[in-house]
Amino acid sequence: MGSLKIIIAYFIYLPIVIGLTVFVSKKLFESGKSFMIDIFRGKEATALATDKLFEVGFYPINIGMALILMKISSFSNRYEINNQELIEVMGLKIGSFSIYLGMMLLLNLFLFLRRKKVTRSTQKPQSPVTPNI
Amino acid sequence: MNFNVIIYIIYIPIIFFIMIKVGWLLFKNGEVFLCDIFQNDLEMTQNVNKLLLIGYYLINLGATTITITLWDNVESIHEMISTFSSILGKTILLLVIFHYNNIFWIKFLNRKKQTFN
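Residues numbered from 1 in each chain as written. Chains lettered and ligands numbered in written order. Predicted model: local features only at pLDDT ≥ 70, side-chain atom pairs only at ≥ 80, totals over all residues. Heavy atoms only, no water.

1. Comments concerning the overall build of chain A
- Assigned secondary structure in chain A consists of 4 helices and 0 strands.
- Listing the helices and strands of chain A from first to last along the sequence gives α-α-α-α.
- Looking at the 133 residues of chain A, the share that counts as buried comes to 36%.
- In chain A, the proportion of contacts linking residues at least 24 apart, taken out of those at least 6 apart, comes to 80%.
- For chain A, the exposed area adds up to about 8,100 Å²; of that, 68% sits on carbon and sulfur atoms. (Helix = DSSP H or I, 4+ residues; strand = E, 2+ residues; numbered from the N terminus. Buried < 20%, exposed > 50% of the residue type's maximum accessible area, 1.4 Å probe, protein only. Contact = heavy atoms within 4.5 Å. Areas by Shrake-Rupley, 256 points an atom, 1.4 Å probe, with all protein chains shown as cover.)

Printed below as a string of structure tokens:
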């Protein structure tokens, strides 16, 4: 009976986690397009391709992390797990994954902003020339 | 079904509602400040703001979900009410402290930028 509850917990956990990952990466790289176009100075094909590649890389990292976090180890030898413990364990798992995902999102945003700043500062000596011509 | 399960079922919707409401208000009203920081680049502002909102939701809702593992066992109704109120109060106070911290940083950054220009 206890192991059945743990299996139910896994089947609740997996759709939530995968849905969260898909949603976040979709939103992140939808906004990332404009950053990428800025970074690559208007070369749209390269920018969109890079964006797509980063998006494809974002899924495996996070889903892999979610699968590593999934195992509920502390109850595997016991046959009694009550509803309260189940809710607590699920809260711990989903919450820690959510914090991890948020950290990844903010890290990505930070990297985008920094790259954009670098591009702008290297571009600056050239930009005053163009209005004069 | 013991008292702990009941209290979790009450606690999670309340705290989620508060978090989502506060995040939405910050999202609406913070756009002006971000617009100042990004020198009126409107599209960039909206993108960054949206991403910040999602990051806020993920981190805060995750943290509040984690806190339910730290509760004591609740035995009776009056214990349930006191635990519930103290935890809810602590969480909201923490949220407010972060909020004022954010306001301070926004003011600080804006002032620094104005002295530069």
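Picking up after the structure, the text goes on.
2. Digging into the overall build of chain B
- Within chain B one finds 3 helices and 0 strands.
- Traced from its N-terminal end to its C-terminal end, chain B shows the element sequence α-α-α.
- Counting over 117 residues, chain B shows a buried share of 35%.
- Long-range pairs, those at least 24 residues apart, make up 76% of the contacts in chain B between residues at least 6 apart in sequence.
- For chain B, the exposed surface amounts to about 7,400 Å²; the carbon and sulfur share of it is 69%.

3. Re the nonpolar core
- Ranked by internal contacts, the top residues of the largest apolar core, which has 33 residues, are Tyr13, Val24, Leu28 and Phe97 of chain A together with Val48 of chain B.
- Of all the secondary structure elements, the ones that give two or more residues to this core are helix 1 (2-39), helix 2 (44-69) and helix 3 (83-123) of chain A together with helix 2 (42-67) of chain B.
- For this core, the leading source of residues is helix 3 of chain A, giving 11 residues.
- Residue contacts for valine 48 of chain B: discarding those within four places in its chain leaves Phe35, Leu109 and Leu113 of chain A together with Leu34 and Phe38 of chain B. (Core = buried A, V, L, I, M, F, W, Y, C linked by side-chain atoms within 4.5 Å.)

4. Observations concerning the packing of helix 1 (residues 3-37) of chain B against helix 2 of chain B
All names here are of chain B.
- Where helix 1 meets helix 2, the axes come as close as 9 Å, and the angle between the chain directions of the two elements is 155°. Put simply, helix 1 runs roughly antiparallel to helix 2. The way helix 1 lies across helix 2 gives a crossing that is right-handed.
- Taken together, the residues that form the contact of helix 1 with helix 2 break down as 17 nonpolar, 8 polar and 2 charged. (Axes fitted to C-alpha atoms, helices over the stretch in contact; angles between N-to-C directions. Parallel < 35°, antiparallel > 145°, perpendicular 65-115°, else oblique. Left-handed = near helix turned anticlockwise from the far one by under 90°. Nonpolar A, V, L, I, M, F, W, Y, C, P; charged D, E, K, R; others polar.)

5. Details of the side chain of asparagine 108 of chain A
- Residue position: asparagine 108 of chain A is located in helix 3.
- A relative accessible area of 15% places asparagine 108 of chain A in the buried class.

6. Let's talk about the packing of aromatic side chains
Residue and element names in this part refer to chain A.
- Evaluated as defined, the whole model comprises 11 aromatic pairs over all chains.
- Pairing phenylalanine 29 with phenylalanine 58 gives two aromatic rings, centres 5.6 Å apart and planes at 70°, and the pair type is edge-to-face. Remark: phenylalanine 58 occurs in helix 2 and phenylalanine 29 occurs in helix 1; sequence separation between them is 29 residues.
- In this structure phenylalanine 29 comes out as buried when scored by relative accessible area, which is 2%.
- You can call phenylalanine 58 buried: its relative accessible area is 4%.
- Seen from their ring centres, phenylalanine 97 and tyrosine 100 are 6.0 Å apart, and the 40° between their planes marks the pair as tilted. Placement of the pair is phenylalanine 97 and tyrosine 100 together in helix 3, with a separation of 3 residues, close to one helical turn. (Phe/Tyr/Trp six-rings, centres within 6.5 Å; stacked < 30°, edge-to-face > 60°.)

7. Regarding the interface of chain A and chain B
- Contact with chain A, which involves 28 residues of that partner, is made by 24 residues of chain B.
- Where chain A abuts chain B, roughly 2,300 Å² becomes buried across the two surfaces, and 76% of that area is made up of carbon and sulfur atoms.
- Here chain A and chain B share 0 salt bridges between them.
- Taken together, the connections running from chain A to chain B amount to 5 residue pairs in polar contact (both at pLDDT 80 or more).
- Of all the secondary structure elements, the ones that give two or more residues to the side of chain A that touches chain B are helix 1 and helix 3 of chain A.
- When residues of the side of chain A that touches chain B are assigned to their parent elements, the largest contribution, 19 residues, is made by helix 3 of chain A.
- Each residue belonging to the side of chain A that touches chain B can be placed in one class, and the counts come to 13 nonpolar, 9 polar and 6 charged. (Buried area = accessible area lost by both parts, 1.4 Å probe. Salt bridge = Lys/Arg side-chain N within 4 Å of Asp/Glu carboxyl O. Polar contact = N/O pair within 3.5 Å; in protein donor to acceptor, adjacent residues only side chain to side chain.)

8. Digging into the confidence of the model for chain A
- Residues with a pLDDT of 70 or more make up 85% of chain A, whose mean pLDDT is 82.
- The secondary structure element of chain A with the lowest average pLDDT is helix 4 (residues 129-132) of chain A, at 48, and the one with the highest is helix 2 of chain A, at 88. (pLDDT = per-residue confidence, 0-100.)

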